[in-house]
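Residue-level structural notes
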Amino acid sequence: MVIIVGISRLITSNYSEEEMVYMKKAEELMENALHEEITVTDMYNVKIYGGPVVVEGYIDRFKEIFFSISTDKDLTGFQNISTLYYAILNEDAEKILSPIIQQFFGQNASSNPTVNVGNVSMKDQYLSYNELLSSNQAQLSYSIRVTAQSQVEENDITNEANRLFELLNELKSKHYVMRSVRIQNLNIDITFDVDEYFENISLSEGEFNIDTVEAEFERRLKNNREKDVQ
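Description of the structure in this document. All values reported here derive from a predicted model rather than from experimental measurement.

Inspection of every chain in the model, using the stated rule, returns 11 salt bridges. For Arg61, the salt bridge goes to Asp92, with nearest N and O atoms at 3.0 Å. You can see Arg61 sitting in the loop between strand E2 (53-59) and strand E3 (66-71) and its partner Asp92 sitting in helix H2 (residues 81-105), a full 31 residues away along the chain. With a closest N to O distance of 2.8 Å, Arg220 and Glu216 form a salt bridge. Here the residue Arg220 and the residue Glu216 both occupy positions in helix H6 (residues 210-229), the gap between them amounting to 4 residues, near one helical turn. Take Arg220: its relative accessible area is 23%, and that puts it in the partly exposed class. Through salt bridges with shared partners, a single network forms among Glu36, Arg61 and Asp92.

Below, the structure written as structure tokens:
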């Protein structure tokens with residue numbers, strides 16, 4: 001299991017030479033699998049020849065991504081390493097998408113993307129984010145959470161809806177396919193499904209468009225007012 005949490009402790013002299021060699025080998029094997037430089041800092045169940053072993057560490061490019069991964073005494077595989085791989089993809093996507101979002105939602109906004117690689121096969125290797133972008137096979141799509149440090153009032157609704165659609169059109173013009181967009185303001189948290197908008201499917205009345213976005217903002221503000229009265 002991959003647990004993206006924190007590192008309990010750094011490498012110390014408490015490990016035997018054999019254990020240090022084991023951690024170094026785990027590091028190398030994970031680097032080969034992920035095509036990323038990583039640092040293994042720790043291990044649990046340190047009786048290497050008995051039962052599963054857990055190795056801990058972090059991604060060198062993203063030191064905030066910590067991992068705790070199960071393996072075996074022979075290091076024949078790492079359980080659920082794909083979870084770690086997707087955490088790296090999401091961080092790479094964040095670097096590209098956040099500046100675009102900030103054009104419309106301010107410098108403090110972030111995208112917090114979740115990347116879907118579509119039908120790209122990961123059988124032989126984990127492709128990097130840049131490799132996926134340049135691959136003809138790539139069918140990347142995203143779900144993003146736009147976190148904006150602002151409060152939406154009644155007279156802001158039209159502007160909020162307009163800038164959401166300006167953002168969607170900008171992303172669409174750059175060939176980024178969105179599946180859902182979550183707008184998280186200080187007082188409103190709304191998720192919109194936008195598949196049809198990015199797939200150019202003809203929208204029927206009442207489906208996702210600027211009017212239904214405005215109506216949803218109005219409904220959420222009304223619910224907030226009713227809660228305040230109670």
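For strand E5 (residues 141-147), a buried count of 5 out of 7 residues is recorded, marking the element as mostly surrounded by other parts of the structure. In terms of strand pairing, E5 meets strand E6 (residues 178-184) through 6 bridges, oriented parallel. Residue pairing across strands places Thr147 opposite Gln184, the latter belonging to E6. In the classification by handedness, the crossover that spans E5, the intervening helix H4 (residues 157-173) and the parallel E6 is right-handed.

With that settled, the discussion passes to the side chain of Asp92. Overall, the relative accessible area of 13% leaves Asp92 in the buried class. Of note is the side chain of Asp92, whose polar atom sits 3.0 Å from the side chain of Arg61.

One non-glycine residue, Asn112, adopts positive backbone phi at about 40 degrees. One non-glycine residue, His175, adopts positive backbone phi at about 70 degrees. Checked against the element boundaries, His175 lands in the loop between H4 and E6. The exposure class of His175 is exposed, given its relative accessible area of 69%.

Turning our attention to the packing of helix H1 (residues 17-34) against H2. It is the contact of H1 with H2, at a shortest axis distance of 11 Å, that shows an interaxial angle of 60 degrees. Of the possible angle classes, the one that applies to H1 and H2 is oblique. The way H1 lies across H2 gives a crossing that is right-handed. Taking contact as the criterion, the partners of Met30, Ala33 and Leu34 in H1 are, on H2, Ile81, Leu84, Tyr85 and Ile88. In terms of residue class, the contact of H1 with H2 is built from 7 nonpolar, no polar and no charged.

Counting buried residues along strand E1 (residues 38-44), 6 of its 7 residues qualify, which places the element largely inside the surrounding structure. With 6 bridges joining them, E1 and E2 adopt antiparallel strand pairing. Directly across from Met43, in E2, lies its bridge partner Val55.

This part covers the sheet that holds E6. The mixed open sheet is built from 4 strands, whose spatial order is E4-E5-E6-E7. One side of each edge strand has no neighbouring strand; the edge strands of this open sheet are strand E4 (114-116) and strand E7 (189-193). For this sheet, the mean angle separating the axes of adjacent strands, direction not counted, is 10 degrees. Contacting E4, E5 and E6, H2 crosses the sheet at an angle of about 55 degrees to E5. Seen against the sheet, H4 touches E5, E6 and E7 and runs at an angle of roughly 150 degrees to E6.

Think of two packed helices as two axes; the pair is described by the angle between the axes and how far apart they sit. Put simply, H2 and H4 touch, their axes get as near as 9 Å, and they point 150 degrees apart. By the angle between their axes, H2 is roughly antiparallel relative to H4. Between H2 and H4 lies a crossing whose hand is right-handed. Taken together, the residues of H4 that come into contact with H2 (itself represented by Leu97, Ile100, Ile101, Gln103, Phe104 and Phe105) are Glu160, Arg163, Leu164, Glu166, Leu167, Glu170 and Leu171.

Reading the values: the criteria
- Residues numbered from 1 in each chain as written.
- Predicted model: local features only at pLDDT ≥ 70, side-chain atom pairs only at ≥ 80, totals over all residues.
- Heavy atoms only, no water.
- Salt bridge = Lys/Arg side-chain N within 4 Å of Asp/Glu carboxyl O.
- Helix = DSSP H or I, 4+ residues; strand = E, 2+ residues; numbered from the N terminus.
- Buried < 20%, exposed > 50% of the residue type's maximum accessible area, 1.4 Å probe, protein only.
- Pairing = 2+ DSSP bridges.
- Right-handed = clockwise from strand over helix to strand, strands pointing away.
- Polar contact = N/O pair within 3.5 Å; in protein donor to acceptor, adjacent residues only side chain to side chain.
- Axes fitted to C-alpha atoms, helices over the stretch in contact; angles between N-to-C directions.
- Parallel < 35°, antiparallel > 145°, perpendicular 65-115°, else oblique.
- Left-handed = near helix turned anticlockwise from the far one by under 90°.
- Contact = heavy atoms within 4.5 Å.
- Nonpolar A, V, L, I, M, F, W, Y, C, P; charged D, E, K, R; others polar.

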